[in-house]
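What follows is each chain in one-letter form.
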Amino acid sequence: MSEAGKEKTLAEQAPPSYECRSCGYTYVPSKGDSKTNIPPGTLFTDLPSNWRCPVCGASRTVFVNVGAIDAPSGFAENLDYGFGVNRLTPGQKNLLIFSALALGVLFFLSLYGLN
Ligand SMILES: [Zn+2]
């Protein structure tokens, strides 16, 4: 991993994203993965070898390089990846993630109600 590119914009240096062929989850290096405690900026190739898809649990070997989908030339939502298995749009994935988070927050808040 080279540190030399840090002077350029993220868009110019956008590292490739990887998509899970099992469920369509896309690992975006600039976002990392909060579910598995991967900090933003972690390249897919730098993920721990035991890292698994946070959605379906598939191993890293089923992931394919789909290029820098967060580059400014186009938003991920507008891209057609060309994989038939990718039925879940990024929007749906976000909804899934945020509703899970909201549930967690609600549960946490309900603990305060017990006092
Ligand atoms: Zn998956």
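Placed above this text is the structure.
The sections below set out a description of the structure shown in this document.

Calculation notes
Residues numbered from 1 in each chain as written. Predicted model: local features only at pLDDT ≥ 70, side-chain atom pairs only at ≥ 80, totals over all residues. Buried ≥ 20, exposed ≤ 12 C-beta atoms within 10 Å, placed from the backbone. Helix = DSSP H or I, 4+ residues; strand = E, 2+ residues; numbered from the N terminus. Pairing = 2+ DSSP bridges. Expected span 1.5 Å × (residues − 1).

**Some words on the pairing of strand E1 (residues 17-20)**
Of the two faces of E1, both are covered, the one formed by Ser-17 and Glu-19 as well as the one formed by Tyr-18 and Cys-20. Taken together, the four bridges between E1 and strand E3 (residues 63-67) define a ladder with antiparallel strand orientation. Within E3, the residue paired with Glu-19 across the bridge is Val-64. Sheet topology note: the E1/strand E2 (residues 26-27) ladder contains two bridges and is antiparallel.

**Details of the environment of Glu-19**
Relative to the helices and strands, Glu-19 resides in strand E1. In the structure, Glu-19 is positioned 43 residues away from Val-62 in sequence and 8.3 Å away in space, judged by C-alpha atoms.

**Quick word on the sheet that holds E3**
In space, the three strands of this open sheet follow the order E2-E1-E3, with antiparallel pairing throughout. In the strand order of this sheet, the two ends are held by E2 and E3, each with one partner.

**Re helix H1 (residues 90-112)**
An ideal rise of 1.5 Å per residue puts 33 Å on 23 residues; H1 measures up with 34 Å between its terminal C-alpha atoms. Counting buried positions over the 23 residues of H1 gives zero, only a small fraction of the element.

**Looking at unusual backbone geometry**
Backbone geometry follows two general trends: most residues other than glycine have a negative phi, and most peptide bonds adopt the trans configuration. Here Asn-37, not a glycine, exhibits a phi torsion of approximately 60 degrees, which is positive. If you trace the backbone, Asn-37 turns up in the loop between E2 and E3. Here Asn-37 falls in the exposed class, since 7 other C-beta atoms lie within 10 Å of it.

None of this, on its own, says anything about what the molecule does.
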